Amino acid sequence: FKLRDKVRHGAHVTKHYDAPQTPCARLLASEVVPAAAKEQLRAVAHDLDPLQLLSQIRHWQQQLAVLADRRAEQPSRPQQDSLTRFLAGLATAWREGEVRPTHGAPQKPARHWWRTRKDPLEAVWAEITEWLKEDPDSTGTALLQRLQVEHPHEYTAGNLRTLQRRLKAWRSRRAHEMVFGAAEPDEVPA
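K.L.:
An account of the pairing of strand E2 (residues 12-17) is needed here, citing residue identities and associated values.
P.N.:
Examined bridge by bridge, strand E1 (residues 3-9) and E2 share six bridges and lie antiparallel to one another. Note on E2: the bridge partner recorded for His9 is His12.

K.L.:
Lay out a positive patch on the surface in plain terms, naming residues and giving numbers.
P.N.:
A grouping of Arg111, Arg117, Arg161, Arg165 and Lys168 is seen on the molecular surface, where their side chains present a positively charged patch. Note on placement: Arg111 falls in the loop between helix H4 (83-96) and helix H5 (125-134). Overall, Arg111 belongs to the exposed group, its relative accessible area being 80%.

K.L.:
Hey, could you go over the nonpolar core for me, with residue numbers and the actual values?
P.N.:
Formed by 13 residues in total, the largest nonpolar core has its most connected members in Ile128, Leu143, Leu147 and Leu163. Looking at this core, the elements with two or more residues in it are H5, helix H6 (140-150) and helix H7 (160-180). By residue number, the principal contributor to this core is H5, which donates four residues. Not counting chain neighbours up to four residues away, the residues in contact with Leu143 comprise Ile128, Trp131, Leu132, Ser138, Leu163 and Leu167.

K.L.:
If you had to explain the pattern of salt bridges to someone new, which residues and values would you point to?
P.N.:
Throughout the structure, instances matching the rule amount to five salt bridges. Note that Asp119 is salt-bridged to Arg166, the shortest N-O span being 2.3 Å. Here Asp119, found in the loop between H4 and H5, pairs with Arg166, found in helix H7; they are 47 residues apart in sequence, far enough to count as distant. Neither residue differs from the other here; Asp119 and Arg166 are each classed as buried. One salt bridge in this structure joins Glu130 and Lys133, with 4.0 Å as the shortest N-O distance.

What counts, and at which threshold
Residues numbered from 1 in each chain as written. Predicted model: local features only at pLDDT ≥ 70, side-chain atom pairs only at ≥ 80, totals over all residues. Heavy atoms only, no water. Pairing = 2+ DSSP bridges. Helix = DSSP H or I, 4+ residues; strand = E, 2+ residues; numbered from the N terminus. Patch = residues over 30% accessible without salt bridge, like charges linked within 9 Å, V, L, I, M, F, W, Y side chains within 5 Å. Areas by Shrake-Rupley, 256 points an atom, 1.4 Å probe, with all protein chains shown as cover. Salt bridge = Lys/Arg side-chain N within 4 Å of Asp/Glu carboxyl O. Lys, Arg positive; Asp, Glu negative; His and termini not counted. Charge placed at Lys NZ, Arg CZ, Asp CG, Glu CD. Buried < 20%, exposed > 50% of the residue type's maximum accessible area, 1.4 Å probe, protein only. Core = buried A, V, L, I, M, F, W, Y, C linked by side-chain atoms within 4.5 Å. Contact = heavy atoms within 4.5 Å.

Listed below in structure tokens is the structure:
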């Protein structure tokens with residue numbers, strides 16, 4: 001975003017920005033730049049390879065880090081990113097948010113990966129997955145009612161939220177498999 005103007009009303013400052021554009025797009029839209037230079041810019045922009053640029057940026061960032069850290073003996077080789085690895089990273093890049101340290105929420109402590117109690121659905125999860133394969137649109141409430149009929153006095157309404165969480169994880173894995181192919185085994189979710 002390029003700041004167009006700002007207006008002060010006492011202590012309050014209102015800022016107005018132009019629509020976001022790349023530097024190249026700004027040059028192409030400028031009336032000051034000659035037509036021959038614009039054609040040359042278009043040709044250069046057309047030939048750019050984003051993956052190659054990313055690799056070069058990471059290489060030079062690593063070189064700068066080595067120079068900044070005088071304790072390093074020799075520069076390490078830059079990591080080569082394949083297209084599939086790069087594209088796989090794009091699927092989750094939005095979760096990391098803004099890369100600048102001044103932006104973003106403070107770091108939360110990592111969630112623990114271990115269970116704090118025994119899983120109440122462990123013994124019947126295979127049975128539930130079979131029901132889900134027959135009717136994938138079943139709700140957690142309907143599945144719990146079916147469990148209560150199949151296994152009377154074992155499952156109460158207190159197990160509903162646990163079942164809903166497990167159901168959410170199961171559907172998430174199935175959606176991932178439909179988009180990216182079956183890559184993970186049908187394990188019991190945590």
